Amino acid sequence: MYNPKIEKMPLEALRALQNERLSALVNRVYQTVRFYKKQFDQIGLHPADIRSVEDLHKIPFTKKSDLRANYPYQLFAKPMAEIRRIHASSGTTGKPTVVGYTQKDLDVFDEVVARSLYCAGARPGMKLHNAYGYGLFTGGLGMHGGATKLGMAVIPVSGGMTERQLTILQDFAPEVMCCTPSYAQTLSEEFAKRGIDTKDLAVKYAVLGAEPWTEAIRQQVEAGLQVDATNIYGLSEIIGPGVSQEDVEEKGTGSYIWEDHFFPEVVDKDTGLALPYGEEGVLVFTTLTKEAFPLLRYWTNDICSIYYDKNAKRTHIKMSPIKGRSDDMLIIRGVNLFHTQVEEVIHQIAFLSPNYRLIVEKKGAMDAVRVEVETSKEIDINNQDLINNLRQKIKDTIGLSMDIELKVPHSIPRSQGGKLSRILDKRGR
Ligand code: DLL
């Protein structure tokens, strides 16, 4: 464990620490961020009303639209002279979301990423092949800082230029790699295409995140690259990668949220009311220690559940894998659909690979989804049994009828280095 004192802190002590940090945070943002002062004053809320995390529900949510309305710097709680770095997340519409860090924020960023890397299997003295993009995206520099702090040698490859990635993975012998899960799929396939046996590579651990993924992709990547692959989650608004991380010895049981810094809630997406542990809803974070860009109850739009795992090594709360973003959720003939649900069904059927995409189109007045999915090479793409099997399983588990189109291997677009969109919406709104 990178920081056992914190990572194994008894829950009572952790709660006391969170409460103390929350009070200080609320006072700070009330005094320094006009947006929060106005929000509190409007509903007659006073910082003194927030004494513990139990009081959080009194505070309104902060949403992406609030960040846009305060573009670029109005939510910063520190003067520019104290800001040491600025990142931005592109988003699909409109202006990017701009976030800032003081030196202390960068130290926290390094700390949570160092904890995460350790949790994933990395150790001081190992080398990290860092294939997250460097730049305004938080992935590259975020992992870089944490790996340096842990005592690793960082190879700052950044995303893309796949041929070069393959060479570096072979020649520089990194023990750990990190990139998006879809890019790990690409790398694994490119090794296979060239007949390179990944058993001969030094790489043992892959730290994958920045987009939703399921066990289907884990199995493909682990077999293809001969690594242990774990999930890292995060978002620029909260800090970047390292908000939560799965332990390599606890795969499939969820990711630890570093809750001494990021207090999580899961709320109902329609009512905003808190949901009990284990129930799925929208993940909301309060940044307990952030100085430059503190957020109260930030509505991430990400759908998951949170819960304490009694059998876990650490005391911190865990989150389930993200099912999708509520703003990316498709509503097809009244049924809510995330692409990860289709990915899970594909995983249950032999001879199908988790290289797929969903095409959404109009069929008359109705919206319809077509699943394009690649088969393994020995299978004919006109295999009706396979098509019927997938169609029926999707109908049974998701409740929607979808058209199925089997594709030959390598015919569906791959990640070129970053996040991959698995939905092609042809409805033309
Ligand atoms: O994606 C930060 C990051 C970099 C995380 C590298 C992990 C590794 P943004 O570009 O601001 O930041 O995008 C954040 O990506 O709200 C989720 O919707 C999604 N996301 C991030 N990690 C995961 C994950 C980075 N492990 C948005 N599983 C978030 C599912 C993820 N979705």
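Please read these numbers as outputs of a predicted model, since none were measured by experiment.

1. Notes on the sheet that holds strand E20 (residues 403-407)
Okay, step 1: With respect to topology, four strands assemble into an open sheet ordered E20-E19-E18-E21, the strand pairing being mixed. Each edge of the sheet is formed by a strand with only one pairing partner; in this case those strands are E20 and strand E21 (423-425). Taking the axes of each pair of neighbouring strands and ignoring which way they run, one obtains an average angle of 20° across the sheet.
Okay, step 2: Bridging between strand E18 (residues 352-363) and E21 involves three bridges; their strand directions are parallel.

2. Thoughts on the packing of helix H8 (residues 181-193) against helix H9 (residues 215-225)
Okay, step 1: H9 packs onto H8 with a crossing angle of 35° between their chain directions and a minimal axis gap of 9 Å. Along this stretch, H8 crosses H9, giving a crossing that reads as left-handed. Together, Pro 181, Ala 184, Gln 185, Leu 187, Ser 188, Glu 189 and Phe 191 of H8 and Ile 217, Gln 220, Val 221, Gly 224 and Leu 225 of H9 make up the contact between the two elements.
Okay, step 2: In terms of residue class, the contact of H8 with H9 is made up of seven nonpolar, four polar and one charged.

3. Focus on the domain arrangement of the chain
Okay, step 1: Split into domains, the chain comes out as domain 1 (1-322) and domain 2 (330-425).
Okay, step 2: Taken residue by residue, the interface counts 24 residues in domain 1 and 18 residues in domain 2.
Okay, step 3: Summed over both partners, the interface of domain 1 with domain 2 comes to about 1600 Å²; 54% of that surface belongs to carbon and sulfur atoms.
Okay, step 4: Looking at the side of domain 1 facing domain 2, the largest losses of area belong to Glu 189, Thr 214 and Ala 216, adding up to 26% of the total buried there.
Okay, step 5: With its nearest N and O atoms 2.6 Å apart, the salt bridge here joins Arg 414 to Glu 189.
Okay, step 6: In this assembly, domain 1 and domain 2 are joined by 11 residue pairs in polar contact (both at pLDDT 80 or more).
Okay, step 7: Split into classes, the residues belonging to the side of domain 1 that touches domain 2 amount to 10 nonpolar, nine polar and five charged.

4. Thoughts on the sheet that holds strand E14 (residues 318-319)
Okay, step 1: Read from one edge to the other, the open sheet built from nine strands follows the order E4-E3-E5-E6-E7-E8-E9-E14-E13, with strand pairing classed as mixed. The open sheet has two free edges, formed respectively by strand E4 (153-155) and strand E13 (306-307), since each of these has just one partner strand.
Okay, step 2: Here E13 runs beside E14; their pairing, made up of two bridges, is antiparallel. Residue pairing for E14: Ile 306 is matched across the bridge by Met 319.

5. Quick look at the packing of aromatic side chains
Okay, step 1: As enumerated under the stated definition, the model contains nine aromatic pairs in all.
Okay, step 2: Between Tyr 30 and Phe 40 the ring centres are 5.8 Å apart and the planes differ by 55°, which places this aromatic pair in the tilted class. Linking Tyr 30 in helix H2 (residues 11-32) with Phe 40 in helix H3 (residues 34-42), this pair joins segments that are 10 residues apart in sequence.
Okay, step 3: A relative accessible area of 15% means that Tyr 30 is categorised as buried.
Okay, step 4: The class of Phe 40 is buried, set by a relative accessible area of 1%.
Okay, step 5: Taking 5.8 Å as the distance between ring centres and 75° as the angle between the ring planes, the aromatic pair formed by Phe 76 and Phe 293 counts as edge-to-face.

6. Section: the packing of helix H7 (residues 162-171) against H8
Packed helices, taken two at a time, are described by the angle between their axes plus the distance between the axes.
Okay, step 1: At a closest axis distance of 10 Å, the pairing of H7 and H8 adopts a crossing angle of 75°. With respect to H8, the element H7 is oriented roughly perpendicular. Judged by residue contacts, Thr 162, Gln 165, Leu 166, Leu 169 and Gln 170 of H7 engage Tyr 183, Leu 187, Glu 190 and Phe 191 from H8.
Okay, step 2: Split by residue class, the contact of H7 with H8 holds five nonpolar, three polar and one charged.

Reading the values: the criteria
Residues numbered from 1 in each chain as written. Predicted model: local features only at pLDDT ≥ 70, side-chain atom pairs only at ≥ 80, totals over all residues. Heavy atoms only, no water. Pairing = 2+ DSSP bridges. Helix = DSSP H or I, 4+ residues; strand = E, 2+ residues; numbered from the N terminus. Axes fitted to C-alpha atoms, helices over the stretch in contact; angles between N-to-C directions. Left-handed = near helix turned anticlockwise from the far one by under 90°. Contact = heavy atoms within 4.5 Å. Nonpolar A, V, L, I, M, F, W, Y, C, P; charged D, E, K, R; others polar. Domains from an automatic or database assignment. Buried area = accessible area lost by both parts, 1.4 Å probe. Salt bridge = Lys/Arg side-chain N within 4 Å of Asp/Glu carboxyl O. Polar contact = N/O pair within 3.5 Å; in protein donor to acceptor, adjacent residues only side chain to side chain. Phe/Tyr/Trp six-rings, centres within 6.5 Å; stacked < 30°, edge-to-face > 60°. Buried < 20%, exposed > 50% of the residue type's maximum accessible area, 1.4 Å probe, protein only. Parallel < 35°, antiparallel > 145°, perpendicular 65-115°, else oblique.

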